[in-house]
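Chains, contacts and geometry: an overview
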Amino acid sequence: MTAPRAARDRRPARAPARLGLTDADAGPRLAELGWWDGEDPVPGAALVVWALARAADPDLALLAIERLREALAADGWAELDAALRADQGLRGRLFGVLGGSTALGDHLVAQPERWRLLRTVLAPGRVHDASRMPSAADRRRTHLDAVGAKADEETPAATVSGHAAVELLRLAWRDDVLLLAAADLQSVCEPELPFWPVDVISAQLADVAAAGLEAALAVARAEVGPERTADHRLAVIGMGKCGGRELNYVSDIDVIFVADGSVDSATRVAAAMMRIATEAFLEVDANLRPEGRSGQLVRTLEGHVSYYRRWARTWEFQALLKARPVAGDLALGEEYCEALAPMVWSAAEREDFVADVRAMRRRVEDHIRHDHADRELKLGRGGLRDVEFAVQLLQLVHGRGDETLRGQNTLETLKALGDGGYVGRDDAANLAASYRFLRMLEHRVQLQKLRRTHLFPSDDDAAGLRWLARAAKLRPDGRRDAVGVLQGELARNTVRVRRLHEKLFYRPLLESVARVPGEELVLTESSATKRLAALGWSSPAGALKHVAALTSGTSRASRIQRALMPVLLDRLGTTADPDHGLLAYRKVSEALADTPWFLALLRDEGLAADRLCYVLGTSRWVAEMMPRSPEVLRLLGGDGPSADLVARDPDEVATSLRAAVGRHTDPRSASNVARSLRRVELLRVACADLLGLTDVPQVCAALSSVWVAVLQAALDAAQRERAGDGPRPAEIAIIGMGRLGGAELGYGSDADVVVVCEPAAGVSDQDATTYARAVVEAVTAALGAPSPDPPLEVDTKLRPEGRSGPLVRTLSSYADYLRRWAATWERQALLRARPVAGDPELGRRFEEVIAPYRYPGEGLPEPAAMEIRKMKARVDAERLPRGADRALHTKLGTGGLADVEWTVQLLQLQHAGRLPSLRTTSTLEALRALAEADLLSAEDAAALAAGWTIATRARGVATLVRGKPTDQLPRSGRELAAIASALGYPEDDPGACIDEYRRVTRHARAVVDEAFSAVD
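Here the structure is a predicted model, which is why all the values come from computation and not from measurement. (Residues numbered from 1 in each chain as written. Predicted model: local features only at pLDDT ≥ 70, side-chain atom pairs only at ≥ 80, totals over all residues. Heavy atoms only, no water.)

1. Side note on the overall build of the chain
Looking only at helices and strands, the chain features 43 helices and 10 strands. Against the 2.2 N^0.38 benchmark of 31 Å for 1016 residues, the chain shows a C-alpha radius of gyration of 38 Å, more extended than a compact globule. Its C-alpha atoms give the chain principal-axis dimensions of roughly 125 × 85 × 60 Å. Just so you have it, the chain exposes about 42,000 Å², and 49% of that area is on carbon and sulfur atoms. One way to put it: in the chain the 132 positive side-chain charges average out to a point 2 Å from where the 142 negative ones average out. (Helix = DSSP H or I, 4+ residues; strand = E, 2+ residues; numbered from the N terminus. Rg over C-alpha atoms; globule rule 2.2 N^0.38 Å. Areas by Shrake-Rupley, 256 points an atom, 1.4 Å probe, with all protein chains shown as cover. Lys, Arg positive; Asp, Glu negative; His and termini not counted. Charge placed at Lys NZ, Arg CZ, Asp CG, Glu CD.)

Right, dumping it as structure tokens:
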């Protein structure tokens, strides 16, 4: 039965669509080529059509073959058509190129006779058999022949120069890239053809580049002239991917030049060679030379050796791992490599090795655009650079004593690391497979337009994803289409590489000390110790003992620790003090040995494990506290503003603490409970602070709130014990002074207080003060009792008459003292007075009593202002500790806390009597009010606020890092690196932290000087 006419008319459009050709007129276009009869391929052309349909982009391949047909004219097209029908290899290679690269398709259209290069049977040196690839010497000869140079001469010179030479070199390079791309893509269109490994393609691309450099050097000699080429020898050292024989299709060619003889003449030739090669095929980059762009383009061998011996950084020796003579005088190039090799293989012993290693790791991440992070095949997490960096680092560490690791090629060296036992064989094989897959994708995206790119197509680029999946020879797997398979394979391989450092650096360490049954012993203890030392551990032997203690045995906990340890060691290794962090982790693990949730949390919550390692390796204070309050670990896993680590309300914490303490009648028992709850809260705040999840006002408020809660709880307990259930002889109010009054406490701050009381009805003042004194002494004794927790010192020296005065006064006595004896400094101290514990009504009345003295209605008399100025000058001259650096002392130094606070308090004494907005105990609130009242310009107020904030934060972080209260920032060393990291500065440049601190506090000091000079 004949099909309806309309159905027959639609079939030619649908049939090519089923083959992947989406253009509506694909059928007629195929018919015009002689391959389609309206419904099916014509006899003899079916294999041609199917090969075209399997191209990465069949529509692109069809368009390109049409253009090639036009360029060939009738006779040429007939030859190509016949060859395509008969030669499977030609079909696979031609359609692979036309559907996979618009740039190479354009090359074929511009040079249509070049299609013959893709035939299966070719001239010598042009064959498509991986076992018969052209040698580097063959490629060199071919490129030199292209510019009329004689390959057998010692210093070949071209007979062609200028633009003509560049065009010939460009054509030779394009032909070679065409051949390699065709071999690379042939199995996409003809699956029976051999698949060429990406490392074979990369090695051949590097040989092509080396041959091109040699030919460009021959042209440069011709252009410079024989009189300037006979007085020197010049070697071109391939670096990077060219040196490692792992070049991309489109990449810079990194080189270094070394000369013997006239450096000026050699420089002329080298500069000309770079220009010619860059114009002809790929950009030649000499920025890896000594001193980079600012250094000489060409140096003698002695000059290179002198530089590397005296000035080179570790990353420069890392770059030399890839050094290989590629053009010019190869014997001189070998001399260069041999002369520098001893320095390369001793680089891991340099003092700055660890710092440079960390800087190099960060440099990888810093070069990635945020919006490209998930698409970067080269620099992204789990990308190519991760594998390359890890292999090179292991080479530097272990290649000192094992010459088998001294190769330039990443995959060859990775295999050597596996064969030598430095990396598990499975790990080496898996990483090599992932590396090959990622390099293959990188090659495909570069081939498309012959542009230097490393970007995977975005999720919304459906056409790009489909093209890449087909170019990578991926097919649907029954659950996902080809694009889904591509995305799944990328995710699988990047995740596998993401575990790079734990696999390559730390798991062998674990196996070397834990004696895990069934595992190969990858490293000796000596090798493991060397590796840890190279990665920043001060006491590698001690670290290995901790690892052994945590992972030995057959218990479930030991098994989980073995799984966790590589990740934890990796994270600890990036902190400022990994040794102390690992010791603290062991203590935490031992403290929670019987707690089932601990290891499960670290295993299942990667964020919690990362944060734990960071705070333990950064802060001795946290490291000492965490084993005694491990419950804080539960808080480390949450993220976002609602996470418990940052979202706890200080008032709710205080209420909870007082309620818990209130259940204990004995003051010492109550004090112990208060200490324990305070420790948990301090540790929570410290972790959030170190991790950069909270700001200075929040830290100060939380620390002050918990101190107040403890003080109130201890006072309640002491009063219950003293008075029992009977009436109290007096009401007591504890007044916070200094930082406690301002709610600006730090981690090491004491609680400055004064205490007033009010006798109950019928009770004498003497009996009331006797009772109140006993209560306050019980509070201070209970809180100040020896304890491993941070101290709770209650300081009462700011009371009237200081240490010689009574510990407690009645409110009337305090008022009488102020009226008769109050000194200027006492009025100034009262600016920070705030009731914090005890009877609220008594506290309110105390504030009424002191208001006229701290907020004088008539302002500050001139003599009093001068007295403050003199006191400030005396503090500047006498209070700074001996040997302290004034520029880096957070409390008494330039633009530090004292400077800002004295300035604010001076202005409050002068103006708060008439401006109620200035009546605050908070420094930052007072600065805002001063700016709003135009007593300070907005810029000056901001400068003072910035100085106070940076000094407060730096002081707190320095205390956390050192593990004890400190006011002095270090100038250098491990502590400074930890402080800089916690403050958000790069560890490899902690000096930036110091520079910023000096800058901010210097500006604050300028405002201070101006304010105090106005007192004259």
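2. Re the nonpolar core
Counting 176 residues, the largest nonpolar core has Tyr308, Tyr336, Tyr585, Val622, Met626, Leu633 and Leu711 as its most contacted members. Take this core: its biggest share by element is 17 residues, from helix α32 (residues 696-723). Excluding anything up to four places from it in sequence, Val622 contacts Val615, Leu616, Leu683, Ala686, Cys687 and Leu690. By size, the runner-up hydrophobic cluster in this structure holds 100 residues, among which are Leu19, Leu21, Met274 and Leu297. (Core = buried A, V, L, I, M, F, W, Y, C linked by side-chain atoms within 4.5 Å. Buried < 20%, exposed > 50% of the residue type's maximum accessible area, 1.4 Å probe, protein only. Contact = heavy atoms within 4.5 Å.)

3. Quick notes on the packing of aromatic side chains
Tallied over the full model, the rule gives seven aromatic pairs. Considering the side-chain rings of Tyr307 and Tyr308, the 5.4 Å spacing of their centres and the 80 degrees angle between planes classify their relative orientation as edge-to-face. When the centroid spacing of 5.9 Å and the interplanar angle of 50 degrees are considered together, the rings of Tyr308 and Phe317 count as tilted. Accessibility expressed as a relative area gives 2% for Tyr308, which makes it buried. Judged by relative accessible area, which is 2%, Phe317 ranks as buried. Taken together through their ring pairs, the aromatic side chains of Trp35, Trp77 and Phe95 make up a single cluster. One Lys or Arg, Arg634, reaches over the ring of Trp597 and ends 4.0 Å from the middle of that ring. (Phe/Tyr/Trp six-rings, centres within 6.5 Å; stacked < 30°, edge-to-face > 60°. Lys NZ or Arg CZ within 6 Å of the ring centre and 35° of its normal.)

4. Regarding helix α38 (residues 862-878)
Within an α-helix, residues lying three or four positions from one another point in the same direction, as the helix has 3.6 residues per turn. For α38, built from 17 residues, the straight-helix expectation of 24 Å at 1.5 Å per residue is met to within 8% by its first-to-last C-alpha distance of 24 Å. Three or more residues of α38 are buried, namely Ala864, Ala865, Ile868, Met871, Lys872, Val875 and Asp876. Along the axis of α38, the buried residues cluster in a sector spanning 140 degrees; they form a single face. Set apart from the buried face of α38 by more than 90 degrees, the exposed residues are Pro863, Lys870, Ala877 and Glu878. Buried residues along α38 sit against α36 (824-830), α39 (897-911) and α43 (991-1013). (Expected span 1.5 Å × (residues − 1). Arc of directions from axis to C-beta.)

5. Notes on the state of the cysteines
Throughout the structure, instances matching the rule amount to zero disulfides. The cysteine Cys700 is free of any disulfide, with Cys687 supplying the nearest cysteine sulfur at 17 Å. (Disulfide = S-S within 2.5 Å.)

6. Here we look at the packing of helix α30 (residues 650-661) against α32
Direction vectors running N to C along α30 and α32 enclose 25 degrees, while the axes themselves pass 9 Å from each other. Here α30 lies roughly parallel to α32, going by the angle between them. Here α30 runs over α32; the crossing is right-handed. Residues Pro650, Asp651, Ala654, Leu657, Arg658 and Val661 of α30 form the contact with α32, whose participating residues are Ala702, Ser705, Val706, Ala709, Val710, Gln712, Ala713, Asp716 and Arg720. (Axes fitted to C-alpha atoms, helices over the stretch in contact; angles between N-to-C directions. Parallel < 35°, antiparallel > 145°, perpendicular 65-115°, else oblique. Left-handed = near helix turned anticlockwise from the far one by under 90°.)

7. Examining the confidence of the model for the chain
With 92% of its residues at a pLDDT of 70 or more, the chain has an overall mean of 88. Across residues 1-14, confidence stays below pLDDT 50; counting only partners more than four residues off in sequence or on other chains, it has seven contacts. (pLDDT = per-residue confidence, 0-100.)

8. Comments concerning the pattern of salt bridges
Under the defined criterion, the tally for this structure stands at 60 salt bridges. Note that Arg233 is salt-bridged to Asp260, the shortest N-O span being 3.2 Å. Taken together, the residues Arg233 in strand β1 (residues 232-238) and Asp260 in strand β2 (residues 253-261) connect sequence positions 27 residues apart. Take Arg233: its relative accessible area is 28%, and that puts it in the partly exposed class. One salt bridge connects Arg819 with Asp816, and the closest N-O pair in it is separated by 2.5 Å. Remark: Asp816 and Arg819 occur in helix α35 (residues 811-821); sequence separation between them is three residues, near one turn of the helix. When its relative accessible area of 55% is taken as the criterion, Arg819 is described as exposed. For Asp816, a relative accessible area of 26% gives the class partly exposed. What emerges from the salt-bridge pattern is a single network uniting Lys872, Asp876, Asp899, Arg1005 and Asp1009. (Salt bridge = Lys/Arg side-chain N within 4 Å of Asp/Glu carboxyl O.)

9. Focus: the packing of helix α7 (residues 136-146) against helix α8 (residues 162-189)
At a minimum axis separation of 9 Å, α7 and α8 run at an interaxial angle of 145 degrees. You can see that α7 and α8 cross each other, and the crossing is right-handed. For the pair α7 and α8, contact is made by Arg139, His143 and Ala146 and by Leu168, Leu169, Ala172, Trp173, Asp176 and Leu180, respectively. A per-class count over the contact of α7 with α8 returns six nonpolar, one polar and two charged. (Nonpolar A, V, L, I, M, F, W, Y, C, P; charged D, E, K, R; others polar.)

10. Considering α8
Along its 28 residues, α8 runs 40 Å from first to last C-alpha, staying within 8% of the 40 Å computed at 1.5 Å per residue. Where burial is concerned, most of α8 is hidden: 20 out of the 28 residues are buried.

11. Some remarks on the side chain of Ser749
Looking at where Ser749 falls in the secondary structure, it is placed in the loop between α33 (738-741) and β7 (751-759). In this structure Ser749 comes out as buried when scored by relative accessible area, which is 13%. At 2.8 Å, the side chain of Ser749 forms a polar contact with the backbone nitrogen of Gly746. Ser749 has contacts with Trp707 and Arg739, leaving out every residue within four places of it along the chain. (Polar contact = N/O pair within 3.5 Å; in protein donor to acceptor, adjacent residues only side chain to side chain.)

12. Section: the pairing of β7
Most of β7 sits inside the fold, with seven of its nine residues counted as buried. The pairing of strand β6 (residues 730-736) with β7 spans seven bridges and is classified as antiparallel. For Ile735, the partnering residue across the bridge sits in β7 and is Val754. In this structure, β7 lies alongside strand β8 (residues 794-795), joined through two bridges in parallel fashion. Residue pairing in the sheet places Ala751 in a bridge with Val794 of β8. Once you follow β7 into helix α34 (residues 765-784) and on to β8, the crossover reads as right-handed. (Pairing = 2+ DSSP bridges. Right-handed = clockwise from strand over helix to strand, strands pointing away.)

13. Section: the pairing of β6
Burial runs high along β6: six of the seven residues are buried. With four bridges joining them, β6 and strand β10 (residues 834-838) adopt antiparallel strand pairing. Note on β10: the bridge partner recorded for Ile735 is Pro835.

14. Brief notes about the environment of Ala26
Topologically, Ala26 is positioned in helix α2 (residues 26-33). Here Ala26 falls in the buried class, since its relative accessible area comes to 1%. Ala26 sits 37 residues away from Leu63 along the chain, and the two C-alpha atoms are 9.7 Å apart. Those residues in contact with Ala26 that lie beyond four places of it in its chain are Pro16, Leu21 and Leu62.

15. Let's talk about the side chain of Ser434
When you line up the elements, Ser434 lands in helix α18 (residues 425-449). Judged by its relative accessible area of 0%, Ser434 falls in the buried class. Side chain to side chain, Ser434 and Asn493 meet in a polar contact 2.8 Å long.

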